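# Descriptive analysis of the structure
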Amino acid sequence: MLSSEEWGIVALSLKVGGVAVLATLPIAFALAWLLARKRFPGRMLLDGLVHLPLVVPPVVTGWLLLVAFGPFGPVGRWLESWFGVSLMFRWTGAALAAAIMALPLMVRAMRLSIEAIDRRLEGAARTLGASAWHSFWTISLPLALPGVLAALVLGFARSIGEFGATITFVSNIPGETRTLPLAIYSALQVPGGEAMVTRLALLSVALSLAALVASEWLVRRGHRGQDRHVL
Amino acid sequence: MSFDIDVERRLGDRSIGVRFTAGAGLTALFGPSGAGKTSILNMVAGLLKPDRGHIRIGDRTLFGDGIDLPPEARRIGYVFQDGRLFPHRRVRANLLYGHHLADPADRWMALDEAVDFLGIGHLLDRWPHGLSGGEAQRVAIGRALLRAPQCLLMDEPLSSLDAARREDIMTVIERIRDTLKLPILYVSHDRAEVDRLATQLIALDG
(Lines give C-alpha, C1' and ligand atoms only; values in the text may rest on other atoms or scores of the structure.)
Protein backbone atom coordinates (compact mmCIF):
# COMPACT_ATOMS: atom_id res chain seq x y z
CA MET A 1 0.00 0.00 0.00
CA LEU A 2 2.71 2.47 1.03
CA SER A 3 6.13 2.52 -0.55
CA SER A 4 9.21 2.30 1.66
CA GLU A 5 9.82 5.97 0.91
CA GLU A 6 6.37 6.80 2.26
CA TRP A 7 6.87 4.67 5.35
CA GLY A 8 10.10 6.56 5.89
CA ILE A 9 8.20 9.84 5.75
CA VAL A 10 5.66 8.61 8.27
CA ALA A 11 8.37 7.31 10.60
CA LEU A 12 10.25 10.62 10.38
CA SER A 13 7.07 12.59 11.08
CA LEU A 14 6.28 10.47 14.13
CA LYS A 15 9.86 10.84 15.37
CA VAL A 16 9.89 14.63 14.88
CA GLY A 17 6.43 15.06 16.43
CA GLY A 18 7.11 12.68 19.32
CA VAL A 19 10.45 14.21 20.26
CA ALA A 20 9.10 17.74 19.88
CA VAL A 21 6.14 17.11 22.18
CA LEU A 22 7.93 15.06 24.83
CA ALA A 23 10.83 17.49 25.06
CA THR A 24 8.47 20.46 25.24
CA LEU A 25 6.10 18.94 27.79
CA PRO A 26 8.03 19.77 30.99
CA ILE A 27 8.83 23.30 29.77
CA ALA A 28 5.25 23.88 28.70
CA PHE A 29 3.95 22.58 32.03
CA ALA A 30 6.28 24.86 33.96
CA LEU A 31 5.15 27.84 31.86
CA ALA A 32 1.50 26.90 32.29
CA TRP A 33 1.98 26.61 36.06
CA LEU A 34 3.79 29.95 36.19
CA LEU A 35 1.11 31.73 34.18
CA ALA A 36 -1.76 30.10 36.06
CA ARG A 37 -0.46 30.45 39.61
CA LYS A 38 2.19 33.11 39.96
CA ARG A 39 2.02 36.88 39.87
CA PHE A 40 5.34 38.44 38.84
CA PRO A 41 6.54 41.43 36.85
CA GLY A 42 6.74 40.59 33.15
CA ARG A 43 3.97 38.01 33.37
CA MET A 44 2.00 39.65 30.56
CA LEU A 45 5.12 39.78 28.43
CA LEU A 46 5.86 36.10 29.03
CA ASP A 47 2.24 35.26 28.21
CA GLY A 48 2.59 37.20 24.97
CA LEU A 49 5.88 35.56 24.03
CA VAL A 50 4.48 32.08 24.61
CA HIS A 51 1.51 32.83 22.39
CA LEU A 52 3.52 34.57 19.67
CA PRO A 53 3.97 31.49 17.44
CA LEU A 54 0.18 31.23 17.31
CA VAL A 55 -0.21 34.61 15.61
CA VAL A 56 3.09 35.31 13.85
CA PRO A 57 3.34 33.89 10.30
CA PRO A 58 5.13 30.52 10.63
CA VAL A 59 7.65 31.59 8.04
CA VAL A 60 8.70 34.41 10.37
CA THR A 61 9.11 31.96 13.26
CA GLY A 62 11.23 29.79 10.97
CA TRP A 63 13.35 32.77 9.97
CA LEU A 64 13.84 33.77 13.63
CA LEU A 65 14.97 30.21 14.39
CA LEU A 66 17.35 30.43 11.44
CA VAL A 67 18.80 33.66 12.78
CA ALA A 68 19.13 32.30 16.33
CA PHE A 69 20.28 28.76 15.59
CA GLY A 70 22.28 29.35 12.39
CA PRO A 71 26.06 28.87 12.53
CA PHE A 72 26.52 32.56 13.37
CA GLY A 73 23.42 32.96 15.48
CA PRO A 74 23.78 33.46 19.25
CA VAL A 75 22.34 30.05 20.18
CA GLY A 76 23.70 28.16 17.19
CA ARG A 77 27.25 29.32 17.79
CA TRP A 78 27.01 28.36 21.46
CA LEU A 79 25.61 24.89 20.70
CA GLU A 80 28.32 24.35 18.10
CA SER A 81 31.24 25.36 20.31
CA TRP A 82 30.06 23.64 23.51
CA PHE A 83 28.40 20.51 22.21
CA GLY A 84 29.49 20.33 18.57
CA VAL A 85 25.80 20.20 17.71
CA SER A 86 24.01 21.97 14.90
CA LEU A 87 20.27 21.85 14.33
CA MET A 88 20.48 23.33 10.84
CA PHE A 89 19.09 21.04 8.13
CA ARG A 90 18.70 18.26 10.68
CA TRP A 91 15.58 16.43 11.89
CA THR A 92 16.35 17.81 15.37
CA GLY A 93 15.86 21.29 13.90
CA ALA A 94 12.51 20.17 12.49
CA ALA A 95 11.60 18.94 15.99
CA LEU A 96 12.60 22.32 17.44
CA ALA A 97 10.45 24.20 14.92
CA ALA A 98 7.54 21.86 15.63
CA ALA A 99 8.04 22.31 19.38
CA ILE A 100 7.98 26.11 19.17
CA MET A 101 4.80 26.00 17.10
CA ALA A 102 3.15 23.50 19.46
CA LEU A 103 4.16 25.34 22.64
CA PRO A 104 1.27 27.84 22.80
CA LEU A 105 -1.35 25.12 22.33
CA MET A 106 0.26 22.93 24.98
CA VAL A 107 0.58 25.78 27.48
CA ARG A 108 -3.04 26.81 26.92
CA ALA A 109 -4.42 23.32 27.44
CA MET A 110 -2.47 22.74 30.63
CA ARG A 111 -3.05 26.22 31.98
CA LEU A 112 -6.83 25.80 31.77
CA SER A 113 -6.54 22.51 33.57
CA ILE A 114 -4.29 23.95 36.29
CA GLU A 115 -6.61 26.91 36.79
CA ALA A 116 -9.52 24.51 37.21
CA ILE A 117 -7.88 22.75 40.19
CA ASP A 118 -9.56 23.57 43.48
CA ARG A 119 -6.60 24.98 45.39
CA ARG A 120 -8.30 24.26 48.68
CA LEU A 121 -7.63 20.57 47.98
CA GLU A 122 -3.92 21.36 48.11
CA GLY A 123 -4.48 23.06 51.47
CA ALA A 124 -6.31 19.96 52.68
CA ALA A 125 -3.38 17.81 51.60
CA ARG A 126 -0.99 20.04 53.54
CA THR A 127 -3.02 19.69 56.74
CA LEU A 128 -2.88 15.91 56.22
CA GLY A 129 0.90 15.96 56.37
CA ALA A 130 1.92 16.51 52.75
CA SER A 131 4.80 18.84 51.95
CA ALA A 132 4.21 21.31 49.14
CA TRP A 133 6.04 18.95 46.76
CA HIS A 134 4.14 15.89 47.86
CA SER A 135 0.88 17.75 47.46
CA PHE A 136 1.97 18.77 43.95
CA TRP A 137 2.78 15.20 42.89
CA THR A 138 -0.23 13.53 44.50
CA ILE A 139 -2.96 16.16 44.15
CA SER A 140 -2.19 18.96 41.70
CA LEU A 141 -0.49 16.96 38.96
CA PRO A 142 -3.05 14.10 38.85
CA LEU A 143 -5.87 16.66 38.78
CA ALA A 144 -4.13 18.49 35.93
CA LEU A 145 -3.66 15.24 34.01
CA PRO A 146 -6.55 15.73 31.56
CA GLY A 147 -4.90 19.00 30.54
CA VAL A 148 -1.51 17.33 30.19
CA LEU A 149 -2.99 14.64 27.94
CA ALA A 150 -4.86 17.24 25.93
CA ALA A 151 -1.61 19.15 25.55
CA LEU A 152 0.18 16.02 24.34
CA VAL A 153 -2.47 15.34 21.72
CA LEU A 154 -2.87 18.90 20.50
CA GLY A 155 0.89 19.41 20.54
CA PHE A 156 1.51 16.18 18.65
CA ALA A 157 -1.15 16.95 16.06
CA ARG A 158 0.25 20.45 15.61
CA SER A 159 3.80 19.08 15.36
CA ILE A 160 3.16 16.54 12.64
CA GLY A 161 1.25 19.20 10.72
CA GLU A 162 4.00 21.82 10.98
CA PHE A 163 5.02 23.24 7.63
CA GLY A 164 6.04 26.90 7.38
CA ALA A 165 8.56 27.23 10.18
CA THR A 166 10.07 23.83 9.38
CA ILE A 167 10.68 24.41 5.67
CA THR A 168 12.12 27.87 6.42
CA PHE A 169 14.40 26.72 9.21
CA VAL A 170 15.63 23.29 8.13
CA SER A 171 14.60 23.18 4.44
CA ASN A 172 13.01 20.18 2.74
CA ILE A 173 15.57 17.37 2.75
CA PRO A 174 14.32 13.85 1.93
CA GLY A 175 14.94 11.44 4.79
CA GLU A 176 16.07 14.20 7.16
CA THR A 177 13.54 17.02 7.38
CA ARG A 178 10.86 16.03 4.85
CA THR A 179 7.96 15.31 7.17
CA LEU A 180 4.40 14.53 5.98
CA PRO A 181 3.29 18.09 5.09
CA LEU A 182 6.59 18.80 3.35
CA ALA A 183 6.33 15.53 1.44
CA ILE A 184 2.79 16.35 0.38
CA TYR A 185 3.92 19.77 -0.79
CA SER A 186 6.84 18.22 -2.71
CA ALA A 187 4.62 15.59 -4.33
CA LEU A 188 2.25 18.31 -5.45
CA GLN A 189 5.11 19.93 -7.39
CA VAL A 190 5.84 16.73 -9.32
CA PRO A 191 3.68 15.76 -12.35
CA GLY A 192 1.85 12.53 -11.58
CA GLY A 193 2.28 12.87 -7.81
CA GLU A 194 -1.45 13.00 -7.09
CA ALA A 195 -1.68 9.38 -5.97
CA MET A 196 1.07 9.91 -3.43
CA VAL A 197 -0.53 13.15 -2.25
CA THR A 198 -3.81 11.32 -1.68
CA ARG A 199 -2.18 8.52 0.27
CA LEU A 200 -0.13 10.88 2.45
CA ALA A 201 -3.08 13.20 3.05
CA LEU A 202 -5.29 10.29 4.14
CA LEU A 203 -2.48 9.12 6.36
CA SER A 204 -2.28 12.56 8.00
CA VAL A 205 -5.98 12.46 8.75
CA ALA A 206 -5.71 8.91 10.14
CA LEU A 207 -2.78 9.82 12.40
CA SER A 208 -4.55 12.86 13.82
CA LEU A 209 -7.73 10.89 14.40
CA ALA A 210 -5.83 8.06 16.09
CA ALA A 211 -4.13 10.53 18.42
CA LEU A 212 -7.48 12.03 19.43
CA VAL A 213 -9.09 8.65 20.03
CA ALA A 214 -6.09 7.38 21.98
CA SER A 215 -6.07 10.38 24.28
CA GLU A 216 -9.80 10.20 24.94
CA TRP A 217 -9.32 6.55 25.87
CA LEU A 218 -6.38 7.39 28.15
CA VAL A 219 -8.36 10.04 29.98
CA ARG A 220 -11.33 7.75 30.47
CA ARG A 221 -9.10 4.95 31.69
CA GLY A 222 -7.29 7.23 34.12
CA HIS A 223 -10.49 8.61 35.61
CA ARG A 224 -12.91 5.74 35.61
CA GLY A 225 -16.07 6.77 37.36
CA GLN A 226 -15.50 10.42 36.64
CA ASP A 227 -16.83 12.41 33.78
CA ARG A 228 -13.90 13.93 31.96
CA HIS A 229 -12.98 14.78 28.42
CA VAL A 230 -9.80 15.90 26.74
CA LEU A 231 -11.33 18.51 24.48
CA MET B 1 -3.68 19.22 76.18
CA SER B 2 -4.69 22.83 75.83
CA PHE B 3 -5.06 25.55 73.25
CA ASP B 4 -3.33 28.87 73.83
CA ILE B 5 -4.19 31.07 70.90
CA ASP B 6 -3.70 34.78 70.35
CA VAL B 7 -3.71 35.79 66.71
CA GLU B 8 -4.45 38.81 64.60
CA ARG B 9 -4.57 39.24 60.86
CA ARG B 10 -5.69 41.95 58.50
CA LEU B 11 -7.77 40.76 55.56
CA GLY B 12 -8.61 43.59 53.20
CA ASP B 13 -9.89 46.49 55.28
CA ARG B 14 -10.86 44.55 58.39
CA SER B 15 -8.95 42.89 61.13
CA ILE B 16 -9.60 39.40 62.39
CA GLY B 17 -8.35 38.52 65.81
CA VAL B 18 -9.04 36.26 68.73
CA ARG B 19 -7.38 35.48 72.01
CA PHE B 20 -8.29 32.55 74.22
CA THR B 21 -7.06 29.55 76.09
CA ALA B 22 -9.04 26.35 76.22
CA GLY B 23 -8.62 22.96 77.77
CA ALA B 24 -9.75 19.49 76.78
CA GLY B 25 -13.14 18.81 75.23
CA LEU B 26 -14.82 20.76 72.48
CA THR B 27 -14.15 24.47 72.27
CA ALA B 28 -16.67 26.24 70.09
CA LEU B 29 -15.83 29.47 68.27
CA PHE B 30 -19.26 30.92 67.94
CA GLY B 31 -20.25 34.00 65.98
CA PRO B 32 -22.13 35.33 62.98
CA SER B 33 -21.07 34.72 59.38
CA GLY B 34 -18.24 37.00 58.43
CA ALA B 35 -16.71 37.15 61.91
CA GLY B 36 -13.60 35.44 60.52
CA LYS B 37 -14.13 32.09 62.19
CA THR B 38 -12.78 30.09 59.26
CA SER B 39 -9.78 32.41 58.99
CA ILE B 40 -8.95 31.66 62.61
CA LEU B 41 -9.06 27.91 61.98
CA ASN B 42 -6.90 28.43 58.88
CA MET B 43 -4.35 30.29 60.98
CA VAL B 44 -4.28 27.47 63.53
CA ALA B 45 -3.90 24.92 60.70
CA GLY B 46 -1.08 26.91 59.10
CA LEU B 47 -2.97 27.72 55.90
CA LEU B 48 -3.11 31.44 56.71
CA LYS B 49 -0.28 33.32 58.35
CA PRO B 50 -1.19 35.61 61.26
CA ASP B 51 0.30 39.11 61.24
CA ARG B 52 1.22 38.68 64.88
CA GLY B 53 0.51 36.53 67.90
CA HIS B 54 1.12 32.94 68.91
CA ILE B 55 -0.48 29.54 68.59
CA ARG B 56 0.40 26.92 71.18
CA ILE B 57 -1.17 23.50 71.51
CA GLY B 58 -0.17 21.50 74.54
CA ASP B 59 3.53 22.11 75.00
CA ARG B 60 4.17 22.75 71.29
CA THR B 61 4.47 26.20 69.77
CA LEU B 62 3.12 26.12 66.22
CA PHE B 63 3.47 29.84 65.60
CA GLY B 64 5.16 32.72 67.36
CA ASP B 65 8.53 33.31 69.02
CA GLY B 66 10.12 33.07 65.57
CA ILE B 67 8.47 29.72 64.90
CA ASP B 68 6.09 29.15 62.00
CA LEU B 69 5.54 25.45 61.43
CA PRO B 70 4.26 24.49 57.97
CA PRO B 71 0.77 22.89 57.99
CA GLU B 72 2.17 19.39 57.44
CA ALA B 73 4.21 19.60 60.66
CA ARG B 74 1.39 20.80 62.94
CA ARG B 75 -0.28 17.43 63.57
CA ILE B 76 -3.74 18.92 63.30
CA GLY B 77 -6.71 17.19 61.72
CA TYR B 78 -8.88 19.63 59.79
CA VAL B 79 -12.47 18.80 58.83
CA PHE B 80 -13.64 21.34 56.28
CA GLN B 81 -17.14 22.62 55.78
CA ASP B 82 -17.36 21.03 52.34
CA GLY B 83 -15.47 17.81 53.10
CA ARG B 84 -12.85 18.56 50.50
CA LEU B 85 -12.21 14.92 49.63
CA PHE B 86 -9.73 14.27 46.84
CA PRO B 87 -11.91 13.60 43.78
CA HIS B 88 -9.33 11.44 42.00
CA ARG B 89 -8.91 8.98 44.86
CA ARG B 90 -11.32 6.41 46.17
CA VAL B 91 -12.57 6.62 49.74
CA ARG B 92 -9.92 4.17 50.98
CA ALA B 93 -7.10 6.20 49.42
CA ASN B 94 -8.58 9.42 50.81
CA LEU B 95 -8.65 7.90 54.31
CA LEU B 96 -5.08 6.66 54.05
CA TYR B 97 -3.59 9.81 52.50
CA GLY B 98 -2.53 11.38 55.79
CA HIS B 99 -2.11 8.04 57.57
CA HIS B 100 0.73 7.03 55.26
CA LEU B 101 2.42 10.40 55.73
CA ALA B 102 2.25 10.29 59.54
CA ASP B 103 5.18 9.00 61.58
CA PRO B 104 4.25 5.38 62.47
CA ALA B 105 5.13 6.13 66.11
CA ASP B 106 2.55 8.93 66.19
CA ARG B 107 -0.36 6.94 64.76
CA TRP B 108 -3.01 6.11 67.31
CA MET B 109 -5.77 4.77 65.10
CA ALA B 110 -5.70 2.10 62.41
CA LEU B 111 -7.80 2.13 59.25
CA ASP B 112 -10.05 -0.68 60.54
CA GLU B 113 -10.72 1.16 63.80
CA ALA B 114 -11.58 4.38 62.01
CA VAL B 115 -13.83 2.53 59.58
CA ASP B 116 -15.68 0.82 62.46
CA PHE B 117 -15.85 4.01 64.50
CA LEU B 118 -17.50 5.88 61.63
CA GLY B 119 -19.41 3.00 60.05
CA ILE B 120 -18.01 3.60 56.57
CA GLY B 121 -16.86 0.08 55.66
CA HIS B 122 -19.27 -0.12 52.74
CA LEU B 123 -17.89 3.08 51.22
CA LEU B 124 -14.21 2.15 50.94
CA ASP B 125 -14.21 1.38 47.22
CA ARG B 126 -16.46 4.26 46.21
CA TRP B 127 -15.44 7.52 44.57
CA PRO B 128 -16.07 10.74 46.52
CA HIS B 129 -18.42 12.16 43.88
CA GLY B 130 -20.86 9.31 44.50
CA LEU B 131 -21.17 9.95 48.25
CA SER B 132 -24.03 11.75 49.97
CA GLY B 133 -23.24 14.80 52.09
CA GLY B 134 -23.34 12.80 55.34
CA GLU B 135 -21.17 10.00 53.94
CA ALA B 136 -18.62 12.47 52.59
CA GLN B 137 -18.42 14.22 55.97
CA ARG B 138 -17.84 10.89 57.75
CA VAL B 139 -15.01 10.08 55.35
CA ALA B 140 -13.56 13.56 55.84
CA ILE B 141 -13.63 13.05 59.61
CA GLY B 142 -12.00 9.63 59.20
CA ARG B 143 -9.30 11.10 56.99
CA ALA B 144 -8.53 13.73 59.61
CA LEU B 145 -8.48 11.17 62.48
CA LEU B 146 -6.17 8.81 60.59
CA ARG B 147 -3.65 11.57 60.05
CA ALA B 148 -2.56 10.98 63.69
CA PRO B 149 -3.59 14.43 64.91
CA GLN B 150 -3.20 15.82 68.41
CA CYS B 151 -6.34 17.86 68.00
CA LEU B 152 -9.12 18.41 65.52
CA LEU B 153 -10.39 21.54 63.78
CA MET B 154 -13.96 21.46 62.51
CA ASP B 155 -15.36 24.19 60.32
CA GLU B 156 -19.17 24.05 60.36
CA PRO B 157 -19.15 20.34 59.55
CA LEU B 158 -22.96 20.14 59.76
CA SER B 159 -23.91 23.13 57.66
CA SER B 160 -24.47 21.27 54.38
CA LEU B 161 -26.47 18.41 55.89
CA ASP B 162 -30.17 17.78 56.39
CA ALA B 163 -31.59 17.32 59.90
CA ALA B 164 -31.23 13.53 60.09
CA ARG B 165 -27.63 13.58 58.91
CA ARG B 166 -26.83 16.42 61.31
CA GLU B 167 -27.96 14.26 64.21
CA ASP B 168 -25.77 11.40 62.91
CA ILE B 169 -22.65 13.52 62.61
CA MET B 170 -23.29 15.25 65.95
CA THR B 171 -23.26 11.84 67.62
CA VAL B 172 -19.96 11.08 65.89
CA ILE B 173 -18.51 14.36 67.13
CA GLU B 174 -19.65 13.65 70.70
CA ARG B 175 -17.93 10.27 70.56
CA ILE B 176 -14.71 11.89 69.31
CA ARG B 177 -14.96 14.32 72.23
CA ASP B 178 -15.87 11.74 74.91
CA THR B 179 -14.49 8.39 73.73
CA LEU B 180 -11.38 9.40 71.81
CA LYS B 181 -10.86 12.42 74.10
CA LEU B 182 -9.45 14.41 71.23
CA PRO B 183 -9.49 18.18 71.80
CA ILE B 184 -11.65 19.87 69.19
CA LEU B 185 -11.77 23.46 68.00
CA TYR B 186 -15.20 23.84 66.48
CA VAL B 187 -16.56 26.69 64.41
CA SER B 188 -20.27 27.35 64.09
CA HIS B 189 -22.92 30.05 63.83
CA ASP B 190 -25.68 27.76 65.08
CA ARG B 191 -26.58 28.32 68.72
CA ALA B 192 -28.36 24.98 69.30
CA GLU B 193 -25.47 23.03 67.83
CA VAL B 194 -22.95 24.84 70.00
CA ASP B 195 -25.05 24.49 73.17
CA ARG B 196 -25.20 20.77 72.70
CA LEU B 197 -21.59 20.10 71.73
CA ALA B 198 -19.42 22.70 73.41
CA THR B 199 -17.43 22.23 76.57
CA GLN B 200 -16.31 25.82 76.31
CA LEU B 201 -17.67 28.67 74.26
CA ILE B 202 -15.70 31.52 72.70
CA ALA B 203 -17.98 34.22 71.32
CA LEU B 204 -16.78 36.27 68.37
CA ASP B 205 -18.50 39.40 67.18
CA GLY B 206 -18.82 40.31 63.54
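Going by the structure above, here's the rest.
Here the structure is a predicted model, which means the values were calculated and not measured. (Residues numbered from 1 in each chain as written. Chains lettered and ligands numbered in written order. Predicted model: local features only at pLDDT ≥ 70, side-chain atom pairs only at ≥ 80, totals over all residues. Heavy atoms only, no water.)

### Topic: the overall build of chain A
- For chain A, the count of helices and strands is 10 helices and zero strands.
- Sequence-ordered secondary structure for chain A, helices as α and strands as β, is α-α-α-α-α-α-α-α-α-α.
- By principal-axis analysis of the C-alpha atoms, chain A measures approximately 70 × 45 × 30 Å.
- The buried share of chain A, reckoned over its 231 residues, is 50%.
- Sequence separation of at least 24 residues holds for 69% of the intrachain contacts in chain A that already meet a minimum separation of 6.
- Total accessible area on chain A is roughly 11,700 Å²; 71% of this is exposed by carbon and sulfur atoms.
- Of the side-chain charges in chain A, 19 are positive and 12 negative, and the distance between the mean point of each set is 9 Å. (Helix = DSSP H or I, 4+ residues; strand = E, 2+ residues; numbered from the N terminus. Buried < 20%, exposed > 50% of the residue type's maximum accessible area, 1.4 Å probe, protein only. Contact = heavy atoms within 4.5 Å. Areas by Shrake-Rupley, 256 points an atom, 1.4 Å probe, with all protein chains shown as cover. Lys, Arg positive; Asp, Glu negative; His and termini not counted. Charge placed at Lys NZ, Arg CZ, Asp CG, Glu CD.)

### With respect to the sheet that holds strand β8 (residues 151-155) of chain B
Residues and elements named next belong to chain B.
- Taken together, five strands build an open sheet; the order of strands is β7-β8-β9-β3-β10 and the sheet is parallel. Across the chains shown, the open sheet's two edge strands, defined by having one partner strand only, are β7 (76-79) and β10 (200-203). Ignoring which end each strand starts from, the neighbouring axes of this sheet average 20 degrees apart.
- The pairing of β8 with strand β9 (residues 184-188) spans four bridges and is classified as parallel. Each residue of the ladder has a partner; that of D155, found in β9, is V187.
- Running at roughly 150 degrees to β9, helix α5 (residues 163-178) makes contact with β3 (26-30), β8 and β9 of the sheet. (Pairing = 2+ DSSP bridges. Axes fitted to C-alpha atoms, helices over the stretch in contact; angles between N-to-C directions.)

### Some details on the sheet that holds strand β6 (residues 67-68) of chain B
Residues and elements named next belong to chain B.
- Spatially, β2-β1-β4-β5-β6 is the arrangement adopted by the five strands of the open sheet, whose pairing is antiparallel. The sheet is open, and its two borders are formed by β2 (14-22) and β6, each paired with just one other strand.
- The pairing of strand β4 (residues 52-57) with strand β5 (residues 60-64) spans three bridges and is antiparallel. Bridging from a neighbouring strand, I57 pairs with R60 of β5.

### Section: the pattern of salt bridges
- Applying the stated criterion across every chain yields a total of 29 salt bridges over all chains.
- Notably, a salt bridge pairs D4 of chain B with R56 of chain B, separated by 3.2 Å at the nearest N-O pair. Of the two residues, D4 of chain B is situated in strand β1 (residues 3-11) and R56 of chain B in strand β4; the sequence distance between them amounts to 52 residues.
- Take D4 of chain B: its relative accessible area is 23%, and that puts it in the partly exposed class.
- Note on R56 of chain B: relative accessible area 23%, which makes it partly exposed.
- Two residues, R191 of chain B and D195 of chain B, come together in a salt bridge whose shortest N-O distance is 3.4 Å. Of this pair, R191 of chain B and D195 of chain B both sit in helix α6 (residues 191-197), four residues apart, which is roughly one turn of that helix.
- Taking relative accessible area as the criterion, D195 of chain B reaches 49% and is therefore assigned partly exposed.
- Taken together, the salt bridges that share partners define one network made up of D118 and R120 of chain A together with D82 and R84 of chain B. (Salt bridge = Lys/Arg side-chain N within 4 Å of Asp/Glu carboxyl O.)

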